[in-house]
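Given next are the chains, with one letter for each unit.
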Amino acid sequence: MTNVTTTVRGACPQDCPDTCAFIYTVEDGKLKDVKGDPDHPVTRGRLCTKLNDFAAHHNNPDRILYPMKRTGPKGSGEFKRISWDEALEEIKSRWTGIIDEFGPQAIMPVHYLGHQGVLNGLTAGDAFFNRLGSTIAEKTFCGVGREIGTHLSIGGSTGVDPESLVHSKYIILWAVNTLSSGSHHWPFIEEARRNGAKVVVIDPLKSRTAVQSDWHIPIRPGTDAALALGMMNIIISEGLTDAEYIAQHTEGFEELAERAAEYPVDKVSSITGIPEADILTLAREYAGNNPSVIRQGVAIERHRNGGQTARAISCLPALIGAWRHVGGGNLGLTLAPFALDWDAMCRPDWIKEGARVINLHNLGSALNELSDPPLKSVMIYNINPVVQSPNTEMIKKGLSREDLFVVSSELFLTDTAAYADIILPATMQAEQTDVMFSWGHFYWTYNHKAVEAPGEAIPNTELFRRLAELMGFDEPEWKRTDEEMIRDYLDWDSPFMEGITLEDLQKNGYAKVAAGDKDTRTPHAEGNFDTPSGKCEFKSNLAADGTFVPPPFRAGYNGQQLAGYIDPLPGYTPPFESPESAPELSEKFPLNIISPKSHGFLNSQYANEFKQLRREGEPIVIMNPADAKQRGIEDGDAVSVFNDRGSFTGAAKVTDDTMKGVIASFHGHWQKKTGGNGSHKGSVNAVSSERMANLGSAPTYSDILVEVTKISAV
Amino acid sequence: MPFVVTDNCTGCRFTDCVEVCPVSCFHGDDDRVYIDPVACIDCAACVPLCPVQAIYEDLDLPEEKEHWTEVNAEKAPTLPKIIKKQPLLEGAEERMEALGFSRDN
Ligand code: SF4
Ligand code: SF4
Ligand code: SF4
């Protein structure tokens, strides 16, 4: 037989800012290799450590290839193969019974961004569940609090193009570990550095990125807004502002100055744990080295004051006129110029009046406590809440309910899928068509289907076509091909789509949105903020409307918003779980845990792969020597980390990578497959809480108190 | 868990590897290069570019090459970064052939 080798263009499916352009190599119909496309201007032919053997992930013998039905107790992972017809028949009869008895709101989808495609990602099932009339799942796991906070200040800004970073002179990487979770920004940062830029990292943990930076500023978790307000105070009181920019393009300066004055440097130092001299230097250097840029990571929001923290930081560039310069300003989510017709994707017009909305941070409580109607069925796809959502013990308890019908569409038998009654086999990226936006650069990327799906796996698009037919939905939308859906979902008439056609995108694999030239663009040099006043609003007009979550994160629905009070000025509130807010709790649980993304896994994905697991090793608990000594813990000791919500175990890594009182453990390890000797118990979200931050219902994964104790070897 | 440059590099220094590296991990002396293990982010992008297969992930090193992990860690920080492709060392092509590699494989 002659070998036929072809190459096909693709795109990384992951919820990672970089959205790498792929080249698939296919030999005789089998996926042989996945490489980066060397011509892509940002991702430049290089994948990260998580995905650099992506072909092996496709060909992993543990893949779920056929529908399966549970045969053992819930959570046991015992299943038998069934046919698609049997699986669909079971789903239909259970759902119909539930709808008859409790109404459709007793059913809820549980899903997120395990895949980020326009077709198969965040909104893949929204139209189906809206048509069904289910409870609406609000999903604010990542970035929504940061974006709302930023939005209140500067509106729906496109922000700084990461390719413009080469022009920056002062780069603050704030709450972001670029080298582990978005490393394709780094070559631009390095180029800036070769041109004389200084790179500063603000992070409670001495991350890989902190090690490679010029200056790492460790900060107490959840106190970043106090630092930002303190910087403002120094900048204003020392006259380092750009008065002309403030006069022309901002609103509320007087009020902001008053608020900032409440944060003198000694107070900020005692809140943040940063020496006064460092705060002064940071503020002066930031203001004095335009173009300066702040890259805000997602971790900025993971505590009570999360939204207001991003809000405070996003006011800084206007204060010093950073927006006047190429490579100056704020770089957060780069999603604004990706013109999508979210309503066409989610179909909020199908939502019935008074629909119930449940935020998935509360999944544990909702499964156990919700009534009128109780949740009787969940369909889980693109998510692994038993490992990744807060308060996992409650979630496991809820998923174990005998009367709860759980459907899971999955690639592997994850800790969550183990609780399913029916598992449906899902395709991996080379086996499906999709188009990807990016939240870290300005390129659309097209993913061609390169190989046939193994076994009976199907993409989410096909899954919801089948379910729609099953439930008797007969709208023409359910009959569209993937390509027709792409045509309907992208807003081809948007000015950002100028010069982009589907045909070109398919042929070239990627296309840059029309958001200005990287070497000249200054989106807000003349103001032009997409806020009610058209200015950067230090005092926000939008705050009057109260808190909200953008409709794409709640199936397109804009009803039943929380609408809680928003301070119109950026502010600082101490964490929920801190000595200031909860003195008794902090006596009992004195250590603040943060759970950053690991280097080797993408959230919990790839944590079942030999290579990634080998690189990552066993779960570790990073702790300061002072905290370790106090507890008789030595480097390498097995420890248990616990609070009233749950516990997990790991190996102590005693270093000064965190300050006293702060510990860190990377998330993503599967409960069943933890590294090392494979016998660690639980995972870090056993201790995290369902509480949400003050804007955008952001999670509070860094706002958690625990105690650590040495245990005999696990 | 970094990547490591082993013996095949010595005397060749084709430096096809260096430009792809996102973190400028490569440091070099007159004969060869070393990877800074602290900076390396394990992306593996450099591996296929080396024409004499000198680069390994540390966990995949054959036993007789394991000592190179330490050599890279010791040497790299003491030497200047190499971020641009260098002129070939004299005799490098011949050495590549002697090692049984060619530009086409
Ligand atoms: S996870 Fe991110 S960095 Fe890694 S290959 Fe995918 S897009 Fe690129
Ligand atoms: S390409 Fe290979 S032989 Fe050449 S310098 Fe790099 S590691 Fe050494
Ligand atoms: S593996 Fe990646 S980061 Fe490490 S040396 Fe090679 S190219 Fe550089």
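None of the values given here were measured: they were computed from a predicted structure.

Visitor: What is the right way to look at the site of ligand 1 in this model?
Guide: Around ligand 1 sit A:Cys12, A:Cys16, A:Asp18, A:Thr19, A:Cys20, A:Cys48, A:Leu51, A:His184 and A:Leu602, and that is every residue in its neighbourhood. Residues belonging to the shell around ligand 1 are distributed by class as follows: 6 nonpolar, 2 polar and 1 charged.

Visitor: I would appreciate a short explanation of the environment of A:Pro13 in the present structure.
Guide: Residue and element names in this part refer to chain A. Structurally, Pro13 is set in the loop between strand E1 (5-11) and strand E2 (21-27). Judged by its relative accessible area of 5%, Pro13 is buried. In this structure the C-alpha to C-alpha distance between Pro13 and Leu490, which are 477 residues apart in sequence, comes to 17 Å.

Visitor: What's the story with the pairing of strand E19 (residues 443-447) of chain A in this structure? I'm lost.
Guide: If a strand is regular, its side chains alternate between the two faces of the sheet. Residue and element names in this part refer to chain A. Of all 5 residues in E19, 5 are buried, a share of seventy percent or more. Where burial is concerned, the two faces of E19 agree: the one with Tyr443, Thr445 and Asn447 and the one with Trp444 and Tyr446 are both buried. Two strands pair when backbone bridges link them, and strand E18 (residues 434-436) and E19 are joined in this way by 3 bridges, in the antiparallel orientation. Note on E19: the bridge partner recorded for Met436 is Thr445. Between E18 and E19, which pair antiparallel in sequence order, lie 6 residues. Sheet topology note: the E19/strand E20 (residues 510-512) ladder contains 3 bridges and is antiparallel. Residue Thr445 lies in a different strand from E20, and its bridge partner there is Tyr510.

Visitor: In this structure, what is going on with the site of ligand 3? I would like to understand it.
Guide: Around ligand 3, a shell composed of B:Phe3, B:Cys21, B:Pro22, B:Val23, B:Cys25, B:Phe26, B:Ile35, B:Cys40, B:Ile41, B:Cys43, B:Ala44 and B:Cys46 is seen. Per-class residue counts for the shell around ligand 3 are 12 nonpolar, no polar and no charged.

Visitor: Can you walk me through helix H10 (residues 253-260) of chain A in this structure?
Guide: Spacing of three or four residues puts side chains on the same side of an α-helix, whose turn is 3.6 residues. Residues and elements named next belong to chain A. Buried within H10 we find Leu256, Ala257, Arg259 and Ala260. Relative to the axis of H10, the buried residues are bounded by an arc of 160 degrees and lie together on one face. Opposite the buried face of H10, by more than 90 degrees, sit the exposed residues Glu254 and Glu258. Contacts from the buried residues of H10 go to helix H8 (224-237) and helix H13 (306-319).

Visitor: How should I be thinking about the UniProt feature "domain: 4Fe-4S Mo/W bis-MGD-type" (unreviewed entry) in chain A in this particular structure?
Guide: If you check UniProt for "domain: 4Fe-4S Mo/W bis-MGD-type" (unreviewed entry), the listed places come out as residues 5-62 of chain A in our numbering. Here residues 5-62 of chain A runs as 9% helix and 36% strand, with 26 Å between its end C-alpha atoms.

Visitor: Is there a simple way to explain the domain arrangement of chain A in this structure?
Guide: It is common to give the size of an interface as the accessible area lost on bringing the parts into contact. All names here are of chain A. Taken domain by domain, chain A holds domain 1 (68-142 + 338-512), domain 2 (144-332 + 520-537) and domain 3 (583-713). The interface is formed by 11 residues belonging to domain 1 together with 13 residues belonging to domain 2. Taken together, both faces of the contact between domain 1 and domain 2 bury some 870 Å²; the carbon and sulfur share is 56%. In terms of surface lost to domain 2, no three residues of domain 1 exceed Cys142, Trp439 and Phe442, which account for 54% of the buried area on that side. The shortest N-O distance in the salt bridge between Glu163 and Lys512 comes to 2.8 Å. The tally of links between domain 1 and domain 2 comes to 5 residue pairs in polar contact (both at pLDDT 80 or more). A breakdown of the residues in the side of domain 1 that touches domain 2 according to their chemical character gives 6 nonpolar, 3 polar and 2 charged.

Visitor: Even after reading the chapter, I still don't get the side chain of A:Lys376, so can you show me in this structure?
Guide: Residue and element names in this part refer to chain A. Tracing the chain through its elements places Lys376 in the loop between helix H15 (363-369) and strand E15 (377-381). The class for Lys376 is buried, based on a relative accessible area of 13%. Residues in contact with Lys376, not counting those within four places in the same chain, are Ile98, Phe102, Ala106, Arg401, Asp403, Leu404 and Phe405.

Visitor: What's the story with the interface of chain B and chain A in this structure? I'm lost.
Guide: The interface is formed by 19 residues belonging to chain B together with 19 residues belonging to chain A. Interface of chain B and chain A: buried area, both sides summed, is about 1,500 Å²; carbon and sulfur atoms make up 51% of it. For the chain B face of the interface with chain A, the top three residues by lost area are B:Pro22, B:Ile41 and B:Asp42, together amounting to 31%. For the pair chain B and chain A, the interface holds 4 salt bridges. Put simply, A:Arg208 and B:Asp42 hold a salt bridge, and the shortest N to O gap is 3.8 Å. The interface formed by chain B and chain A includes 9 residue pairs in polar contact (both at pLDDT 80 or more). A breakdown of the residues in the side of chain B that touches chain A according to their chemical character gives 14 nonpolar, 1 polar and 4 charged.

Visitor: Looking at this structure, how should I read the pattern of salt bridges?
Guide: Oppositely charged side chains can pair when the atoms bearing their charge come close. Tallying each qualifying case throughout the model produces 43 salt bridges over all chains. Because the salt bridges share partners, they merge into one network encompassing A:Glu462, A:Arg465, A:Arg466 and A:Asp482.

Visitor: Explanation requested: the sheet that holds E1(A) in the structure shown.
Guide: Hydrogen bonding along the main chain pairs the strands of a sheet, whether they run parallel or antiparallel. Residue and element names in this part refer to chain A. Pairing in this open sheet of 3 strands is antiparallel, and the strands run E1-E2-E3 from one edge to the other. At either end of the open sheet lies a strand with only one pairing partner, and these are E1 and strand E3 (30-36). Each strand of the sheet is rotated relative to its neighbour by a mean of 25 degrees, with strand direction disregarded.

Visitor: What am I meant to see in the confidence of the model for chain B here?
Guide: Fine structural detail should not be taken from predicted coordinates in areas where pLDDT scores are low. Per-residue confidence for chain B gives a mean pLDDT of 91; residues scoring 70 or more make up 97%. Here the complex is predicted with pTM 0.97, and the ipTM for its interfaces comes to 0.94.

Visitor: Whenever I open this one, the packing of aromatic side chains confuses me. Can you help?
Guide: Pairs of aromatic rings are described using the distance from one ring centre to the other and the angle between the two planes. Residue and element names in this part refer to chain A. Tallied over the full model, the rule gives 20 aromatic pairs over all chains. Centroid distance Trp95 to Phe128: 6.1 Å. Interplanar angle 35 degrees. Geometry classified as tilted. Of this pair, Trp95 sits in helix H2 (residues 84-102) while Phe128 sits in helix H3 (residues 126-132), and the two are 33 residues apart along the sequence. Taken individually, Trp95 and Phe128 each receive the classification buried, so the pair is uniform in this respect. Plain terms: the ring middles of Tyr443 and Tyr510 are 6.2 Å apart, the flat faces sit at 75 degrees to each other, and that makes the pair edge-to-face. Separated by 67 residues along the polypeptide, Tyr443 in strand E19 and Tyr510 in strand E20 bring together distant segments of the chain. Judged by its relative accessible area of 6%, Tyr443 falls in the buried class. Using a relative accessible area of 17% as the deciding quantity, one classes Tyr510 as buried.

Rules used throughout
Residues numbered from 1 in each chain as written. Chains lettered and ligands numbered in written order. Predicted model: local features only at pLDDT ≥ 70, side-chain atom pairs only at ≥ 80, totals over all residues. Heavy atoms only, no water. Near = heavy atom within 4 Å. Nonpolar A, V, L, I, M, F, W, Y, C, P; charged D, E, K, R; others polar. Helix = DSSP H or I, 4+ residues; strand = E, 2+ residues; numbered from the N terminus. Buried < 20%, exposed > 50% of the residue type's maximum accessible area, 1.4 Å probe, protein only. Pairing = 2+ DSSP bridges. Arc of directions from axis to C-beta. Contact = heavy atoms within 4.5 Å. UniProt positions renumbered as here; feature names shortened; annotations may be inferred. Domains from an automatic or database assignment. Buried area = accessible area lost by both parts, 1.4 Å probe. Salt bridge = Lys/Arg side-chain N within 4 Å of Asp/Glu carboxyl O. Polar contact = N/O pair within 3.5 Å; in protein donor to acceptor, adjacent residues only side chain to side chain. Axes fitted to C-alpha atoms, helices over the stretch in contact; angles between N-to-C directions. pLDDT = per-residue confidence, 0-100. Phe/Tyr/Trp six-rings, centres within 6.5 Å; stacked < 30°, edge-to-face > 60°.

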